[in-house]
Amino acid sequence: MDQALEATAAFAIFIMALTVAQYSFVASCASAINQIDESSAECIADVVASAIIQMNGNSSEKWWSWSPQTEVGEFLEPAFGARMTIKAACYRIGEGNTLETSWVKGGGAPVATHARCLKAIILDDRSLVRIEVYVYR
Amino acid sequence: MLHKWMRRRADLYLARSPRRMGAGVALIFDCILACAILAVGLALSTILINPVQQPSHNQALGEYATEILSFLDENGMLQDLAQKKDLQSLGNIIEGVLPSGVGFCICAYSPDWVLVWSFCSPGFGWRDAFASQPYLVSINGSPLIISLVLSE
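Rules of the game
Residues numbered from 1 in each chain as written. Chains lettered and ligands numbered in written order. Predicted model: local features only at pLDDT ≥ 70, side-chain atom pairs only at ≥ 80, totals over all residues. Heavy atoms only, no water. Buried < 20%, exposed > 50% of the residue type's maximum accessible area, 1.4 Å probe, protein only. Helix = DSSP H or I, 4+ residues; strand = E, 2+ residues; numbered from the N terminus. Pairing = 2+ DSSP bridges. Disulfide = S-S within 2.5 Å. Contact = heavy atoms within 4.5 Å. Arc of directions from axis to C-beta. Buried area = accessible area lost by both parts, 1.4 Å probe. Salt bridge = Lys/Arg side-chain N within 4 Å of Asp/Glu carboxyl O. Polar contact = N/O pair within 3.5 Å; in protein donor to acceptor, adjacent residues only side chain to side chain. Core = buried A, V, L, I, M, F, W, Y, C linked by side-chain atoms within 4.5 Å. pLDDT = per-residue confidence, 0-100. Axes fitted to C-alpha atoms, helices over the stretch in contact; angles between N-to-C directions. Parallel < 35°, antiparallel > 145°, perpendicular 65-115°, else oblique. Left-handed = near helix turned anticlockwise from the far one by under 90°. Nonpolar A, V, L, I, M, F, W, Y, C, P; charged D, E, K, R; others polar.

> I'm lost on the pairing of strand β4 (residues 135–139) of chain B in this one. Help?
The side chains of a regular strand alternate, first on one face of the sheet and then on the other. Residue and element names in this part refer to chain B. Only one face of β4 is covered, namely the face carrying Tyr135, Val137 and Ile139; the face carrying Leu136 and Ser138 is uncovered. Two elements, β4 and strand β5 (residues 142–151), share 5 bridges in a ladder whose sense is antiparallel. Across the sheet, Tyr135 pairs through a bridge with Ile146, a residue of β5. Connecting the antiparallel pair β4 and β5 is a turn made up of 2 residues, with Asn140 showing a positive phi of about 50 degrees.

And the structure:
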């Protein structure tokens, strides 16, 4: 009877340890996959932000007439089903050393963000454009 | 050779009679050993499957901070406000160009890297903070190194 009890206890301990080990392994795998996914989303955001900056340069006129494209496929192929949101704003120093917003542009539906890229460029009229690209995969 | 070894193991097993040492206790020891093997396997697999850490996206914050300092300098405000020590106005402008959820701390150092003054936003934390390139400005003929640190 004692032996049966001890054997049952041993089996229960082993099953518990196995369950914990399997759960931890699955969680670890999920975390690793998520990390890979996140870093690729960050790369996509970086490519898109860099492409937009390259496209418009430091010309204030180009930035003024620019309208955000929100299809990832227009910047890189294959897009791996990524969706994105772009937010851009232009700031300048106005009278009395105060910060003024020249314009704000945005595109794309708000998505649960996976990755973000933040970049800035100083334009020929000494204003600053801030561009944020949010990517979800 | 193998046969002898197996025979010796069998004798040893039989010697562990339930009266001397419960077979159940032996099972528990085996179980603990199995758990230890599982733990080692789990630790190894965790180390192996986790990819090498990518550089944090917050590194972009450092570049962004440098752009902000250049923007202020282009407009002559960095030198002007640093000379007047109007840190509140400087803070307001920096806060205006930052996206939501980003805190900042602007620090000024002498050429031998002694902190002269600093101004931090309420939400700033040094954890995961990234600094701009050191930015050199001239205040009353003496150089001052300005650094802007951003954190999320």
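Additional details are given in the paragraphs that follow.
> What is the right way to look at the state of the cysteines in this model?
What is meant by a disulfide is a covalent connection between two cysteines, made through their sulfur atoms. All names here are of chain B. One pass over the structure, following the stated rule, counts 1 disulfide over all chains. Disulfide pairing is shown between Cys105 and Cys120; the S-S distance is 2.1 Å. You can see Cys105 sitting in strand β1 (residues 103–109) and its partner Cys120 sitting in strand β2 (residues 115–120), a full 15 residues away along the chain. Residue Cys107 stays outside any disulfide, its sulfur separated by 4.0 Å from that of Cys105, the closest cysteine. Using a relative accessible area of 4% as the deciding quantity, one classes Cys107 as buried.

> Just checking my understanding: could you explain the side chain of Ser70 of chain B for this structure?
Checked against the element boundaries, Ser70 of chain B lands in helix α3 (residues 59–74). Apart from the residues within four sequence positions on either side, Ser70 of chain B is in contact with Ile122 of chain A together with Tyr135 of chain B.

> Which parts of the structure should I look at to understand helix α4 (residues 77–84) of chain B?
An α-helical turn contains 3.6 residues, so any two residues separated by three or four positions project in the same direction. Listed in full, the buried residues belonging to α4 of chain B are Met77, Leu78, Leu81 and Ala82 of chain B. Mapping the buried residues of α4 of chain B onto a view down its axis gives an arc of 120 degrees, with all of them on the same face. Those residues of α4 of chain B that are buried are in contact with β1 (83–93) of chain A together with α3, α5 (87–97), β2, β4 and β5 of chain B. Positive backbone phi, at 55 degrees, marks Lys85 of chain B, one or two positions downstream of α4 of chain B.

> What am I meant to see in the interface of chain B and chain A here?
In many analyses, interface size is given as the accessible surface area lost on bringing the parts together. Listed per partner, the contact involves 38 residues of chain B and 35 residues of chain A. Note on chain B versus chain A: buried area summed over both sides is about 3200 Å², and carbon and sulfur give 69% of it. For the chain B face of the interface with chain A, the top three residues by lost area are Leu38, Tyr64 and Phe71 of chain B, together amounting to 17%. Residue Glu152 of chain B pairs with Arg116 of chain A through a salt bridge whose shortest N-O separation is 2.5 Å. Summed over the shared surface of chain B and chain A, the result is 5 residue pairs in polar contact (both at pLDDT 80 or more). Looking at the side of chain B that touches chain A, the elements that each hand over two or more residues are α2 (23–49), α3, α4 and α5 of chain B.

> Would you explain the nonpolar core in this entry?
Nonpolar side chains in soluble globular proteins tend to be buried together. Residues Ile94, Trp117, Ile146, Leu148 and Leu150 of chain B are the most contacted members of the largest nonpolar core, which totals 36 residues. Looking at this core, the elements with two or more residues in it are β1 and β3 (115–122) of chain A together with α3, α4, α5, β1, β4 and β5 of chain B. With 7 residues, the top contributor of residues to this core is α3 of chain B. Counting residues in each nonpolar core, the second largest holds 26 residues, with Ala49, Ile52, Trp103 and Leu123 of chain A among its members.

> Explain the confidence of the model for chain B to me, please; I cannot follow it from the model alone.
Low pLDDT marks regions whose predicted coordinates should not be analysed in detail. Residues and elements named next belong to chain B. Here chain B shows a mean pLDDT of 80. Residues at 70 or above account for 78%. Across chain B, the secondary-structure element scoring lowest on mean pLDDT is helix α1 (residues 2–15), at 60, and the one scoring highest is β1, at 91. Model confidence for the complex is summarised by a pTM of 0.71, with the ipTM given as 0.73.

> How do you make sense of the sheet that holds strand β2 (residues 99–107) of chain A when you look at a structure like this?
Strand pairing within a sheet occurs via backbone hydrogen bonds; the two strands may be parallel or antiparallel. Ordered by their spatial adjacency, 4 strands build an open sheet running β2-β1-β4-β3 (chain A), and the pairing between neighbours is antiparallel. Pairing within the sheet leaves two strands with one partner each, and these edge strands are β2 and β3 of chain A. Averaged over all neighbouring strand pairs, the angle between strand axes comes to 15 degrees, with direction disregarded. Two strands pair when backbone bridges link them, and β1 of chain A and β2 of chain A are joined in this way by 8 bridges, in the antiparallel orientation. Within β2 of chain A, the position partnered with Tyr91 of chain A by the bridge is Thr101 of chain A. Strands β1, β2, β3 and β4 (128–136) of chain A of the sheet are contacted by α3 of chain B, whose axis makes an angle of about 25 degrees with β3 of chain A.

> Looking at this model, I keep getting lost on the packing of α3 of chain B against α5 of chain B. Mind explaining?
The description of two packed helices rests on the angle between their axes and on the distance between the axes. Residues and elements named next belong to chain B. At their nearest, the axes of α3 and α5 sit 11 Å apart, and the two run at 130 degrees to each other. Taken together, the axes of α3 and α5 are oblique relative to one another. α3 and α5 meet at a crossing whose hand is right-handed. Across from Tyr64, Ile68, Phe71 and Leu72 in α3, the residues of α5 making contact are Leu90, Ile93, Ile94 and Val97. Tallied by class, the residues present in the contact of α3 with α5 amount to 8 nonpolar, no polar and no charged.

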